[in-house]
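A look at the structure
Given next are the chains, with one letter for each unit.
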Amino acid sequence: MLGRIIDMNNTEAFVSFENGITTEVSKFSLPENVHVGDTVNIDPNVMRLTNDKLIDFF
């Protein structure tokens, strides 16, 4: 699915897809030397969704 990089930090890129969904993608799963505004093709079925903000209170 085609998406445009709308923001990046050291480890993640925020990608806005054609269907209107915006999600975080690891920079390590993107081609090298991508920049904000570039269009990338990402298979959403292969994306690994992680939640690194999960806190285990138990």
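Check the entry above for the structure.
All residue numbers refer to position in the chain's written sequence, counted from 1. Reporting of local features is limited, given that this is a predicted model, to residues whose pLDDT is at least 70; pairs of side-chain atoms are given and counted only at 80 or more, and all residues count toward the totals for whole chains, interfaces and linings. Only hydrogens and water are removed before side-chain values are computed, so all heavy atoms of the structure are retained for them.

**Some words on the nonpolar core**
For the purposes of this section, nonpolar cores are sets of buried Ala, Val, Leu, Ile, Met, Phe, Trp, Tyr and Cys residues that join through side-chain atoms within 4.5 Å. Between buried and exposed lies partly exposed: a residue is buried under 20% and exposed over 50% of the maximum accessible area for its type, with that area taken using a 1.4 Å probe on protein chains only. In terms of nonpolar packing, the biggest core is built from nine residues, these being I5, A13, V15, F17, V25, L30, V34, V40 and I42. What counts as a helix is a DSSP run of H or I of at least four residues, what counts as a strand is a run of E of at least two, and both are numbered from the N terminus. For this core, the element with the highest residue contribution is strand β2 (residues 12–17), accounting for three residues. Any two residues whose heavy atoms approach within 4.5 Å at even a single point are treated as in contact. Beyond its immediate chain neighbours, meaning those up to four positions away, V34 contacts I5, M8 and V40.

**A closer look at unusual backbone geometry**
Here the phi dihedral of N33 falls at roughly 60 degrees; this positive angle occurs in a residue that is not glycine. Here N33 is to be found in the loop between β3 (22–26) and β4 (39–41).

**Considerations on the sheet that holds β2**
One open sheet accounts for four strands, arranged β3-β2-β1-β4; its pairing is antiparallel. Looking at the sheet topology across the chains shown, the edges are occupied by β3 and β4. On average, each strand axis in the sheet is tilted by 45 degrees relative to the strand beside it, whichever way the strands run. Here strand β1 (residues 2–8) runs beside β2; their pairing, made up of five bridges, is antiparallel. Following DSSP output, two strands are said to pair if at least two bridges run between them. Working convention: axes come from line fits to C-alpha atoms, limited for helices to the stretch in contact. Angles between N-to-C directions cover 0 to 180 degrees.

**Quick look at the environment of S29**
Mapped onto the elements of the fold, S29 is located in the loop between β3 and β4. Classification of S29 by relative accessible area gives exposed; the value is 53%. Between the C-alpha atoms of S29 and I42, which are 13 residues apart in sequence, the distance is 8.9 Å. Distance and chemistry together define a polar contact, namely a pair of N or O atoms within 3.5 Å, with one atom able to donate a hydrogen and the other to accept it when in protein, and with adjacent residues in sequence counting only for side-chain atoms on both sides. Within the local environment of S29, its side chain forms a polar contact with the backbone oxygen of S26, the two atoms lying 2.8 Å apart.

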